[in-house]
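Each chain, written out:
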Amino acid sequence: MSLASPRPSPTRYSMLGEAATAARHGREAGISRDTPPRARSPPLLSPAWPHPRSSSCSHGAAAGAAGSCGPCDGCGQRPLSMAAPLAMEGGGARGCPALPLASGRSIPVLGLGTSHQGGYSHDAVVHALQKCGIRHIDTAKRYGCESLLQKAIKESDVKREDLWITTKLWHSDYGYENTKKACLESCERLGVEYLDLYLIHWPDAHVPGKSNREVRAETWGAMEELYEKGLCRSIGVSNFLISHLEQLKEDCVITPHVNQVEYHPFQRPQELVDYCRSRDIVFEGYCPLAKGEALTHPSIIQLAEKYGRTPAQICIRWSIQNGIVTIPKSTKAERIQENCKVFDFTIAEDDVEILNGMHDGRHVSWDPSLIL
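Residues numbered from 1 in each chain as written. Predicted model: local features only at pLDDT ≥ 70, side-chain atom pairs only at ≥ 80, totals over all residues. Heavy atoms only, no water.

K.L.:
Quick question: what am I supposed to make of the sheet that holds strand S10 (residues 282–286) here?
P.N.:
Strands in a sheet are paired, the pairing made by backbone hydrogen bonds, and the direction either parallel or antiparallel. Read from one edge to the other, the open sheet built from eight strands follows the order S4-S5-S6-S7-S8-S9-S10-S11, with strand pairing classed as parallel. The strands lining the two open edges of the sheet, one partner per strand, are strand S4 (112–113) and strand S11 (325–327). Taken together, the five bridges between strand S9 (residues 258–262) and S10 define a ladder with parallel strand orientation. Looking across to S10, one finds that glutamine 260 is bridged to glutamate 284. Contacts from helix H5 (residues 212–228) reach strand S6 (164–169), strand S7 (197–200) and strand S8 (235–238) within the one sheet, and its direction differs from that of S8 by about 145 degrees. (Pairing = 2+ DSSP bridges. Helix = DSSP H or I, 4+ residues; strand = E, 2+ residues; numbered from the N terminus. Contact = heavy atoms within 4.5 Å. Axes fitted to C-alpha atoms, helices over the stretch in contact; angles between N-to-C directions.)

Spelled out as structure tokens, the structure:
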């Protein structure tokens, strides 16, 4: 793998905007595109997605019964104006669909998250791949487990083309040249020739003498080249707010395909979700269980009892029904198995609204609101 083609110096801030980006692309006419043309993704849909069978069928179809995301089996009506999602290539976790990205790829709506500080288990990852049908793995350089994931993937015998692998660029590697080098190193640690999704991990750059905006623009310029060359099949950001995305829109050419942000019943940033959808940016949510805080909330426990599910399954299903790509993390095989069993029931719209109303703004992870 090589990225030897020349690249002009990063865009200066005196040249921001449409004219600057158009001029920059003109100077880079020699760059070949190894990826397919970017498809415009359809709008994300109602809170009932994905939908086994409509729980509000006026003709009395059995709520929660297994079915497809097509018209309701009971009345032939499409549930809550929901369009059918794409099936995931290579199968997935018990009926897991995938969402189309503007890159032309499709990302499984349920993944397995990993993390540092005890957030990785070899046996659990192998179990998730072999026994649970998980095909979407989320990691990052910061977590320190990319090399460990290579071993688990090899042991699972799951084909590379059937996997969706996301990793992230840490701020110590921001900048144009550093980004390209870090991507190649992550691929080497993971034992892959390409990444399905590469994310800028955090909007704060920590580079002396340069503004966060300037460093993000340089870094995203490298991300664009990695995408254009096919080393990254999709590119995106993590923990970016509307202000960060607006700056990136002005400074760069390619809109991020994904924005991965904290999302759970207590932290439901709907304005950011709506903004992302308006720009064909798929919203991906981490910490769907609020690091366990949601599992003991009385309303969630009550809904779990109502649906005969666990509190974790209620939170994950709610997130997915809200159209969010959801990546719960666990190092226990039995918990991963439980977290995958969320495609054979639907939370009624009234109950989705109860969960939506629990937002109180709390963060259980990083808060990017103070980052310029």
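K.L.:
When you look at the packing of aromatic side chains in this model, what are you seeing that I'm missing?
P.N.:
Aromatic rings considered in pairs are described by the distance between their centres and by the relative angle of their planes. Overall, the coordinates contain five aromatic pairs when judged by the stated rule. A centroid spacing of 5.8 Å and a plane angle of 65 degrees characterise the contact between tyrosine 263 and phenylalanine 283, whose relative ring orientation is edge-to-face. Taken together, the positions of tyrosine 263 in the loop between S9 and helix H7 (270–278) and phenylalanine 283 in strand S10 put the pair 20 residues apart, joining distant regions of the chain. Classification of phenylalanine 283 by relative accessible area gives buried; the value is 0%. Relative to tryptophan 318, the ring of tyrosine 263 lies with its centre 5.2 Å away and its plane at 20 degrees, an arrangement referred to as stacked. Taken as a pair, tyrosine 263 in the loop between S9 and H7 and tryptophan 318 in helix H9 (residues 311–321) lie far apart in primary sequence, 55 residues in all. Judged by its relative accessible area of 1%, tyrosine 263 is buried. One aromatic cluster is present, formed by Trp170, Trp202 and Trp366 through successive ring pairs. (Phe/Tyr/Trp six-rings, centres within 6.5 Å; stacked < 30°, edge-to-face > 60°. Buried < 20%, exposed > 50% of the residue type's maximum accessible area, 1.4 Å probe, protein only.)

K.L.:
What should I look at first to understand helix H6 (residues 242–251) in this one?
P.N.:
Residue pairs three or four apart in sequence face the same way in an α-helix, which turns once every 3.6 residues. Residues His244, Leu245, Leu248 and Asp251 constitute the buried set of H6. Summarising the axial view, the buried residues of H6 lie within an arc of 130 degrees, below the 170-degree limit, and thus occupy one face. (Arc of directions from axis to C-beta.)

K.L.:
When you look at the pairing of S9 in this model, what are you seeing that I'm missing?
P.N.:
Regular strands place side chains that alternate from one sheet face to the opposite one. The buried fraction of S9 amounts to five of the five residues, a majority that puts the element mostly inside the structure. Across three bridges, S8 lies against S9 in parallel orientation. Pairing of glycine 236 across the sheet is with valine 258, part of S9. Taken together, S8, H6 and S9 constitute a β-α-β crossover, and its handedness is right-handed. Considered for its hand, the β-α-β crossover made up of S9, H7 and S10 is right-handed. (Right-handed = clockwise from strand over helix to strand, strands pointing away.)

K.L.:
Quick question: what am I supposed to make of the pattern of salt bridges here?
P.N.:
Should their charged atoms come close, side chains of opposite charge can pair. Within the structure shown, the criterion is met by 16 salt bridges. With its nearest N and O atoms 3.1 Å apart, the salt bridge here joins arginine 362 to glutamate 293. Placement of the pair is arginine 362 in the segment after helix H11 (349–356) and glutamate 293 in the loop between S10 and helix H8 (298–307), with a sequence separation of 69 residues. Of the residues examined, arginine 362 reaches a relative accessible area of 30% and is grouped as partly exposed. Owing to a relative accessible area of 39%, glutamate 293 belongs among the partly exposed residues under this scheme. The residue arginine 335 makes a salt bridge to glutamate 338 at a minimum N-O spacing of 3.1 Å. One end of the pair is arginine 335 and the other is glutamate 338, both in helix H10 (residues 333–340) and three residues apart, which spans about a single turn. Overall, arginine 335 belongs to the partly exposed group, its relative accessible area being 45%. (Salt bridge = Lys/Arg side-chain N within 4 Å of Asp/Glu carboxyl O.)

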